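# Fold and contact review
The lines below spell out each chain.
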Amino acid sequence: MKLNIAVLDGDGIGPEICRGAVTVLERVGEKFGHEFEFKHYPIGGCAIDECGDPLPEKTVEGCLKSDSVLLGAVGGYKWDDLPGDMRPEKGLLRIRRAMGLYSNIRPAKLWKGLANASPLKHELVKDGIEIIIVRELTGGIYFGERGRGSDENGDYAWDTERYSVKEIERITRIACELAVKRSKKLVSVDKANVLESSRLWRKTVHEYCAKNYPQIEVKDVLVDNMAMQIVKDPAQFDVVVTSNMFGDILSDEAAQITGSIGMLASSSLGDTKRGLYEPIHGSAPDIAGQDKANPVATILAAAMMLRDSFDLTAEYAAIEIAVQKTIDEGLRTADIMEEGKQLVGCSRMSELIAQKI
Ligand code: NAD
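Note that residues are indexed from 1 along each chain, following the sequence as it is written. Given that this is a predicted model, residues contribute local features only at a pLDDT of at least 70 and side-chain atom pairs are listed and counted only at 80 or more, while totals for whole chains, interfaces and linings are drawn from all residues. Note: side-chain values were computed over all heavy atoms of the structure, leaving out hydrogens and water.

## Some words on the site of the ligand
Note the threshold: We call a residue near a molecule or strand as soon as one heavy atom of that residue lies within 4 Å of the molecule or strand. What qualifies as a polar contact is a pair of N or O atoms within 3.5 Å, subject to a donor-acceptor requirement within protein and to the restriction that residues adjacent in sequence count only when both atoms come from side chains.
Surrounding the ligand, one finds 20 residues, the nearest of these being Val 74, Glu 89, Gly 282, Ala 284 and Asn 294. His 281 is positioned with one of its side-chain polar atoms (N or O) 3.0 Å from a nitrogen atom of the ligand. Gly 282 places a polar main-chain atom, nitrogen or oxygen, 2.7 Å from an oxygen atom of the ligand.

This is the structure:
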């Protein structure tokens, strides 16, 4: 396959971790006979410095012309005092909108060999866990009508949770596409015992799956119970689909139980195969430029791109196996370092993973 990948390095550790991911993709290309062309575009603080805009037009054009997009991270001390619209993070919101992305997929994976990093008891996580939370990203209470008012009891404020059948169906499709490639089990999280919007969510998810993905088994879990189950028995979950606000909260909880932010990737997808793939962490300005960053989250984001944008499942698996091998051999970046293991930097870790493909 010949593939054109837009790379948005961004700020802080962004360029180092993207370089690591490109090293691994190049190796995948050699091994599996693909030709990757990487084109770099500015986003975030460096784009403000270069073009006066956190998302320059050339970046949007480059992303829309590409087959898929890899992003490092944006932000840093230098731009902290800029006004809202000029903040580096605005570039992220705008690129998601420009690419029509309405889902966020976050796998919270605890790797075998890294169970000590988890705050949970060893017996709960000893075999590793992987919860993939598919979060609706452009609807619900974060985007609904809101306001403030005043009555005889004083000031009040309100926000609205609103979902259409179309919005629920399209996020369900993305979750189902993942579930069919994995356990064929889908958990849908809502609050249907209280919220009308959740009752429509639940009905729509079931009807859509029954009609389009009858091979998938769908189970409903109430959001309060889900928050409990993630810490009580996380290994029971595989693919989980939920609304914007519930997904926001649950994906942070699930990430936390893996204990290592430098190992977690995420993707945003819309109606096309072109997605935005990135680590969940930020630009880590405290360690930028020191070759200390863990590149694995970005390498796994690149692996997700191969699987979810290009259907290259064997290539995805090859990267996952290479990462597991480096862990098994005791190689660690500083953030996941333990006694008796071997400390390596960002570029060395990337090379070692690439060599194992
Ligand atoms: P952060 O994720 O950048 O860092 C939190 C802590 O985790 C730091 O101690 C950092 O050194 C460490 N860390 C993060 N990634 C690491 C990695 N790959 N390897 C090793 N250690 C790692 O969060 P923050 O400090 O709150 O934010 C820093 C900047 O990043 C801010 O400007 C923030 O706005 C921005 N940010 C960007 C994104 C994004 O681009 N998607 C997400 C979150 C924060």
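The discussion continues.
## Some points on empty space enclosed by the protein
Vacant regions in the atomic arrangement are exposed by a probe of water-molecule size rolled over the atoms. Convention followed: Think of a 1 Å grid over the protein atoms and nothing else: a 1.4 Å probe that fits but is trapped marks a cavity, an open set flanked by protein within 12 Å on at least five of seven lines marks a pocket, and residues with an atom within 4 Å of a point count as lining. Grid points are joined across faces, edges and corners, and a volume is the space filled by probe spheres set on the points. A helix here means a DSSP run of H or I that spans at least four residues, while a strand means a run of E at least two residues long, and both kinds are numbered starting from the N terminus. Amino acids outside the nonpolar list (Ala, Val, Leu, Ile, Met, Phe, Trp, Tyr, Cys, Pro) and the charged list (Asp, Glu, Lys, Arg) are all regarded as polar, and Gly is one of them.
In total, this model carries three cavities of 30 Å³ or more according to the counting rule given. Empty space within the largest cavity amounts to approximately 130 Å³. Lining the largest cavity we find 13 residues, and of these Pro 107, Glu 130, Leu 300, Tyr 316 and Glu 320 sit closest to its centre. The set of elements that each furnish at least two residues to the lining of the largest cavity consists of strand E4 (101-110), strand E5 (129-136), helix H10 (296-308) and helix H11 (313-328). Sorting elements by how many residues they give to the lining of the largest cavity places H10 first, with three residues. Here the lining of the largest cavity is composed, by residue class, of nine nonpolar, no polar and four charged. Considered as a void within the structure, the second largest cavity measures approximately 50 Å³ in volume. Around the second largest cavity, the lining residues are Glu 161, Tyr 163, Val 189, Asp 190, Ser 197, Ser 198, Trp 201, Ser 243 and Phe 246. Sort the elements by how many residues they give to the lining of the second largest cavity and helix H7 (residues 196-212) lands first, with three residues. Classifying every residue of the lining of the second largest cavity gives four nonpolar, three polar and two charged.

## Concerning the domain arrangement of the chain
For the record, the criterion: Domain segmentation is taken from an automatic or database assignment of domains. The contact definition used throughout considers only heavy atoms, calling two residues in contact when any of these lie within 4.5 Å. A quick way to say it: buried area is the sum, across both parts, of accessible area lost when two parts are put together, with a 1.4 Å probe. By definition here, a salt bridge exists when the distance from a side-chain nitrogen of Lys or Arg to a carboxyl oxygen of Asp or Glu is within 4 Å.
Domain assignment breaks the chain into domain 1 (1-102 + 265-357) and domain 2 (119-257). Look at where the C-alpha atoms of domain 1 and domain 2 centre, and you get two points 26 Å apart. Opposite the 12 residues of domain 1 that make contact, domain 2 presents 13 residues. Taking both partners together, domain 1 and domain 2 bury about 910 Å²; carbon and sulfur atoms supply 56% of that area. The tally of links between domain 1 and domain 2 comes to one salt bridge. A salt bridge links Lys 181 to Asp 311; the nearest nitrogen and oxygen atoms lie 3.7 Å apart. Where domain 1 touches domain 2, the interface holds two residue pairs in polar contact (both at pLDDT 80 or more). Of all the secondary-structure elements, those providing two or more residues to the side of domain 1 that touches domain 2 are E4, strand E11 (265-270) and H10. The leading source of residues in the side of domain 1 that touches domain 2 is E11, at three residues. Class assignment for the residues of the side of domain 1 that touches domain 2 results in five nonpolar, two polar and five charged.

## Quick notes on helix H6 (residues 165-181)
How we decide: What a helix is expected to span follows from its residue count: subtract one and scale by 1.5 Å. Between buried and exposed lies partly exposed: a residue is buried under 20% and exposed over 50% of the maximum accessible area for its type, with that area taken using a 1.4 Å probe on protein chains only.
In this model, H6 (17 residues) spans 25 Å end to end at C-alpha, consistent with the 24 Å of a helix rising 1.5 Å per residue. Every buried residue of H6 is accounted for by Glu 167, Ile 168, Ile 171, Thr 172, Ile 174, Ala 175, Cys 176, Leu 178 and Ala 179.

## Regarding the pairing of strand E12 (residues 276-279)
Note the following rule: When DSSP locates at least two bridges between a pair of strands, those strands are taken to pair.
Every second residue of E12 is oriented toward a common face, with Leu 276 and Glu 278 on one face and Tyr 277 and Pro 279 on the other, all of them buried. With two bridges joining them, strand E3 (residues 68-73) and E12 adopt parallel strand pairing. Note that in E12 the partner of Val 69 across the bridge is Leu 276. Judged from the four bridges that link them, E11 and E12 form a sheet pairing that is antiparallel. Following the sheet pairing, Ser 266 is matched in E12 by Glu 278. Between E11 and E12, which pair antiparallel and follow one another directly, the connecting turn spans five residues.

## Regarding the pattern of salt bridges
Tallied over the full model, the rule gives 25 salt bridges. One salt bridge connects Asp 53 with Arg 94, and the closest N-O pair in it is separated by 3.0 Å. With a gap of 41 residues between them, Asp 53 in the loop between helix H2 (45-51) and helix H3 (57-65) and Arg 94 in helix H4 (residues 88-98) connect regions that are remote in the sequence. Overall, the relative accessible area of 26% leaves Arg 94 in the partly exposed class. A salt bridge links Arg 202 to Asp 220; the nearest nitrogen and oxygen atoms lie 3.9 Å apart. Of this pair, Arg 202 sits in helix H7 while Asp 220 sits in strand E9 (residues 217-222), and the two are 18 residues apart along the sequence.

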